[in-house]
Amino acid sequence: MLANNLELQSKGKEGKYALGAFNTNNLEITQAIIEAAVEKDSPVIIATSESAIKYAGLKEISKIVRSLGEAAPIPVSLHLDHGKDIGIIKKCISNGWTSIMIDGSGYDYDKNVEVTREVVEMCHPEGISVEAELGRLGGIEDNISVDERDARLTDPEEARRFVEDTGCDTLAIAIGTSHGAYKFKGESKLAFDRLEEINSLVKTPLVLHGASSVIPEVVEKATRYGASFPGAKGVPVEDIKTAISLGITKINIDTDLRMAFTASIREFLSNNPDVFDPRKILGASRTGMKQVVLDKIDILGSGGKA
Ligand code: G3H
Ligand code: 13P
Ligand code: ZN
């Protein structure tokens, strides 16, 4: 069945667990996510970036996610990740997305409020929930000044005002994570003090982007079969659990699925040099990605919450 992010994250906030928001680009990734969520009896968010939409086709990716989601015995949200193009946002609204992210984090405060409000006004009459973003993603490095760090991370009081000014349903915040496989040069460092303060001032559910862990066993497997990701580092599982205990109710994961896809395909092709059936090759990648989603659901605590 289909649901929107606000419905799912409100229950997460109440029950002190988080939803996984997994990025998809095709049929096999979507199947891996939904099969794992069904097995765990977990609600799940399936996210499509604007570039995923360009890759797969807007109507096509909507139909893939919606048809699998509608048939599943768990709540599934079809979410636009980092929406920036109002034209694409409008098309998502009329093609079955249940949740939209408007990412105005690259603008100054007033412009971010303006674009976010515009999207809220388009989405709410359709029953679509809206995620907005305040603050800029990026690792906390030792060699930046406190002022620079503060300018980038989400300001708690500004977050309170932003939610009031925009009417957004959920809020993505910056506490030191970044997208991709190279998040920290040294040890991971997240601003948990800030998260705690934001959570005490902001009543809407909070979102953590750039939350892949860059799973050591997956990196090891990919490397064993020829990949090379020197210096890859993600958010440790313990930090994800701390973030959830301090109020995060949506954990965004793309990199960990990409890496599982790569590791599984490399392993399969290396062990089966005579196979050229795409179903067998992509089937192996689906199995690898499904295992990652199963493990994530255990970490996030959303199993049994469907
Ligand atoms: O936050 C970004 C996601 O990982 C999506 O990345 O724009 O390459 O699809 P993408
Ligand atoms: P990762 O790159 O850590 O997987 O983050 C994905 C994300 O935030 C998508 O919006
Ligand atoms: Zn993101």
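As a starting point, this report considers the structure included with it. (Residues numbered from 1 in each chain as written. Chains lettered and ligands numbered in written order. Predicted model: local features only at pLDDT ≥ 70, side-chain atom pairs only at ≥ 80, totals over all residues. Heavy atoms only, no water.)

1. Brief notes about the overall build of the protein
Which entries qualify depends on this criterion: What counts as a helix is a DSSP run of H or I of at least four residues, what counts as a strand is a run of E of at least two, and both are numbered from the N terminus. Between buried and exposed lies partly exposed: a residue is buried under 20% and exposed over 50% of the maximum accessible area for its type, with that area taken using a 1.4 Å probe on protein chains only. Residues are treated as being in contact if the distance between any of their heavy atoms lies within 4.5 Å. When charges are counted, Lys and Arg contribute as positive and Asp and Glu as negative, whereas His and the chain ends are disregarded. Lys charges are placed at NZ, Arg charges at CZ, Asp charges at CG and Glu charges at CD.
A tally of helices and strands in the protein yields 13 helices and 8 strands. In terms of its C-alpha atoms, the protein occupies a principal-axis envelope of roughly 60 × 45 × 35 Å. The burial tally for the protein puts 57% of its 306 residues in the buried class. Contacts spanning at least 24 positions in sequence make up 79% of the contacts within the protein whose residues lie at least 6 apart. If the 36 positive side-chain charges of the protein are averaged to one point and the 46 negative ones to another, these points end up 4 Å apart.

2. Remarks on the sheet that holds strand E3 (residues 76-83)
The strands that make up a sheet are held in pairs by hydrogen bonds between backbone atoms, and each pair lies either parallel or antiparallel. Short version of the rule: Strands qualify as paired when DSSP identifies two bridges or more between them. Axes, fitted as lines to C-alpha atoms, cover a helix only where it is in contact. Angles between the N-to-C directions of the axes lie from 0 to 180 degrees.
What the 8 strands build is a closed barrel, ordered E1-E2-E3-E4-E5-E6-E7-E8; its pairing is parallel. Going across the sheet, the axis of each strand differs from the next one's by a mean of 25 degrees, ignoring polarity. Bridge analysis of strand E1 (residues 19-23) against strand E2 (residues 44-49) gives 3 bridges, and the strand direction is parallel. Looking at the pairing, Phe22 lines up with Ile46 of E2.

3. Observations regarding the site of ligand 2
We apply this condition: For each residue, the test is whether any non-hydrogen atom lies within 4 Å of the molecule or strand; if one does, the residue is near. Two N or O atoms count as a polar contact when they lie within 3.5 Å, although within protein this holds only if one can serve as hydrogen donor and the other as acceptor, and sequence-adjacent residues are included solely when both atoms are side-chain atoms. What sets the accessible areas is the Shrake-Rupley method with a 1.4 Å probe; for residues, cover comes only from the shown protein chains. Put simply, Ala, Val, Leu, Ile, Met, Phe, Trp, Tyr, Cys and Pro go in the nonpolar bin, Asp, Glu, Lys and Arg in the charged bin, and everything else, Gly too, in the polar bin.
Residues in close proximity to ligand 2 total 14 residues, the closest being Asp81, Lys183, Ser212, Asp254 and Thr255. Separating an oxygen atom of ligand 2 from a backbone N or O atom of Gly210 is a distance of 2.8 Å. The contact in question runs from an oxygen atom of ligand 2 to an N or O atom on the side chain of Asn252, over 3.1 Å. Calculation on ligand 2 without its partners gives an accessible area of 310 Å², and the protein chains cover 96% of this total. Where the shell around ligand 2 is concerned, the elements lending two or more residues are E3 and strand E8 (248-253). Here the residues of the shell around ligand 2 are counted per class, giving 2 nonpolar, 9 polar and 3 charged.

4. A look at the packing of aromatic side chains
This is how the line gets drawn: Classification of ring pairs rests on two measures: the distance between centres of Phe, Tyr or Trp rings, Trp counted by its six-membered ring, which must be within 6.5 Å, and the angle between planes, read as stacked under 30 degrees, edge-to-face over 60 and tilted in between. Each ring is checked for a lysine NZ or an arginine CZ that lies within 6 Å of its centre and within 35 degrees of its normal; such an atom marks a charge sitting over the ring.
The final tally for this structure, using the stated rule, is 1 aromatic pair. The interplanar angle of 70 degrees and the centroid separation of 6.0 Å between the aromatic rings of Tyr109 and Phe162 together place this pair among those described as edge-to-face. A residue pair is termed long-range when its members are at least 10 positions apart, and Tyr109 in helix H6 (residues 109-123) and Phe162 in helix H8 (residues 156-166) qualify at 53 residues. Given a relative accessible area of 15%, Tyr109 falls into the buried group. The side chain of Arg161 reaches across the aromatic face of Tyr109, ending 4.6 Å from its centre.

5. Concerning the pairing of strand E4 (residues 99-102)
So the rule is basically this: Crossovers are described as right-handed under a simple rule: with the strands pointing away from the observer, the path leading from the first strand over the helix to the second runs clockwise.
Here E4 shows two buried faces, one formed by Ser99 and Met101 and the other by Ile100 and Ile102. Here 3 bridges tie E3 to E4, and the two strands are oriented parallel to one another. Its bridge partner lying in E4, His79 is registered against Ser99. With respect to chirality, the unit in which E3 leads through helix H5 (residues 86-94) into the neighbouring parallel E4 is right-handed. Where E4 lies against strand E5 (residues 129-134), 4 bridges are found, and the strand directions are parallel. The partner of Ile102 across the bridge, within E5, is Ala132. Taken together, E4, H6 and E5 form a β-α-β motif whose crossover is right-handed.

6. Thoughts on the coordination of the zinc ion (ligand 3)
Formally: Note that water is not among the atoms considered, so a metal site may appear incomplete; the donors listed are N, O and S atoms within 2.8 Å of the metal, with 3.2 Å applied to Na, K and Ca.
Protein coordination at the zinc ion (ligand 3) comes from His82 (NE2), His179 (NE2) and His209 (ND1), with a distance range of 2.0 to 2.1 Å. Between consecutive donor residues of the zinc ion (ligand 3), the sequence gaps follow H-x96-H-x29-H. With a gap of 127 residues between them, His82 in strand E3 and His209 in the loop between strand E7 (206-208) and helix H10 (216-224) connect regions that are remote in the sequence. The burial state of His82 is the same as that of His209; both residues are buried.

7. Brief notes about unusual backbone geometry
You will see that Lys16, though not glycine, has its phi angle at about 60 degrees, which is positive. Turning to its location among the elements, Lys16 is positioned in the loop between helix H1 (5-15) and E1. Look at Val214: it is not a glycine, yet its phi comes out positive at around 50 degrees. Among the secondary structure elements, Val214 is positioned in the loop between E7 and H10. Judged by relative accessible area, which is 5%, Val214 ranks as buried.

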